[in-house]
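The residues making up each chain are set out below.
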Amino acid sequence: MLPRLVLRTTLPLLLAVPALLHAGDDFQRCVATLGDQAREAGLSESAIEAALADVTPLERVISSDRRQPEFVQTFWTYLDQRVTDRRVERGRALLDEHQDLLWRIHADYGVRPQYLLALWGMETNFGGYFGDVPVIDALATLACDTRRSAFFRTQVVEAIRIIDEGHMDRDGMVGSWAGAMGHTQFMPSTFTAYAVDYDGSGRIDLWNSLPDAFASSANYLRALGWRDGHRWGREVILPEGFDYALAAPEARRSVAAWRELGVQRTDGRLVPDSEIEAELLLPGGYRGPAFLVYDNFRKIMRWNASTSYALAVGILADRIAGTGDLKTRPAEPPEAMRIEAVKRLQETLNALGYEAGPVDGQPGRQTRKAVRAFQQDAGLPADGHPSPRVLQAAEARTGD
């Protein structure tokens, strides 16, 4: 359940693995500290011993954590790789196969089957691949690194709690390089807070029990505030002359207000006269599709803080439920920006006074807000979408 916003480069990795992975004494001291934290949390000595006795630092985990992409992945590339016809067909078949279980879970938790299937499909391709990394080793490696140690120290303790409570033994806890586990890739802290024993076996098994995996996912969404009977959002058509600067979080307004601005459904009718709050998204810029997204969309982003991920889950859920594909597709594939080009854009906008934030190559909310402000001043469509055209215009402005 971690963000996946970018393509990973296939170039050789020239990575400096932290020294602690080569210094056995340092790593063992760190592991001893993890054991002390687990004891302070009230976990048993037997569980701590079982989890940490033979823990091994994994250089491939650090390599995955440090891996730098070459390009920022476009929305279309992201979507086309994940919401495929094959995945939709598989999701529909699984909906038919597990409908009794899924509708029973809906009755108990208020999350409709298509959303659980979409999350399942996005996370592990419907259980096709859970990852092959020992979870305790992965978490301990990251906990003893310097980049995000506080977060992963907590995850180690919660993973030991899972062992202590008898839900899974150490050898059975296999997952992603970052420690996400099971059919829907729960982190240990999510597991201990929200996972449920839905099949009545006496333990929670997110690897081998679909009832537990589905119900745990539904319980998590319900705890986040999921609203049953409400959509995640919808694709919309914008009228001619629309102010693209309204595609911003601060421009959130009721669907009725979007209707007054001429925003239409894809069938040409105006969007409903509803007081439900909605934000307008243009994930591929003004030439791509437009979406009004509602409160449930934000709940999906609590699962994975990626706009592209949340849109893909919503679109996949709709297609599994029988809704057609997107109506708006680009005439030609949009050009992906290299990470270095995004950094140049951030640096240039900062120099021009637009406060694009850290020069990190990641076009987050602050960068998009700066891009939108620059576009407005430069007379460009103010969609907030970083592009080579925006970079060229910004660099030209520095020479004025």
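Asks: Would you mind showing me how to read the overall build of the protein here?
Replies: The secondary structure content of the protein amounts to 17 helices and seven strands. Here the C-alpha atoms of the protein give a radius of gyration of 23 Å, agreeing with the 21 Å that 2.2 N^0.38 yields for 400 residues. When its C-alpha atoms are laid out on the principal axes, the protein stretches across 65 × 55 × 35 Å. Per-residue burial for the protein yields a buried fraction of 52% across its 400 residues. Within the structure as shown, the protein displays about 18100 Å² of accessible surface, and the carbon and sulfur contribution to it stands at 46%. Averaging the positions of the 45 positive and the 54 negative side-chain charges in the protein gives two centres separated by 5 Å.

Asks: Hey, could you run me through the nonpolar core in this one?
Replies: One broad rule of soluble globular proteins: the nonpolar side chains tend to lie buried together. Membership of the largest hydrophobic core comes to 92 residues, with the highest contact counts inside it found for L52, I105, I160, M173, F191, W232 and F291. A per-element tally of this core places helix α14 (residues 307-320) first, with nine residues. Dropping the residues within four chain positions of it, F191 is found in contact with I162, H167, M181, F186, I204, L206 and W207.

Asks: Whenever I open this one, the state of the cysteines confuses me. Can you help?
Replies: A covalent bond between the sulfur atoms of two cysteines is referred to as a disulfide. In the structure shown here, the tally under the stated rule is one disulfide. Covalent S-S linkage joins C30 and C144, the inter-sulfur distance amounting to 1.9 Å. Handedness of the C30-C144 disulfide follows from its S-S torsion of about -95°: it is left-handed. Note that C30 is positioned in helix α1 (residues 24-40) and C144 in the loop between α8 (135-143) and α9 (149-164), a separation of 114 residues in sequence. Taking the relative accessible area as the measure of exposure, C144 reaches 6% and is therefore buried.

The rules behind each value
- Residues numbered from 1 in each chain as written.
- Predicted model: local features only at pLDDT ≥ 70, side-chain atom pairs only at ≥ 80, totals over all residues.
- Heavy atoms only, no water.
- Helix = DSSP H or I, 4+ residues; strand = E, 2+ residues; numbered from the N terminus.
- Rg over C-alpha atoms; globule rule 2.2 N^0.38 Å.
- Buried < 20%, exposed > 50% of the residue type's maximum accessible area, 1.4 Å probe, protein only.
- Areas by Shrake-Rupley, 256 points an atom, 1.4 Å probe, with all protein chains shown as cover.
- Lys, Arg positive; Asp, Glu negative; His and termini not counted.
- Charge placed at Lys NZ, Arg CZ, Asp CG, Glu CD.
- Core = buried A, V, L, I, M, F, W, Y, C linked by side-chain atoms within 4.5 Å.
- Contact = heavy atoms within 4.5 Å.
- Disulfide = S-S within 2.5 Å.

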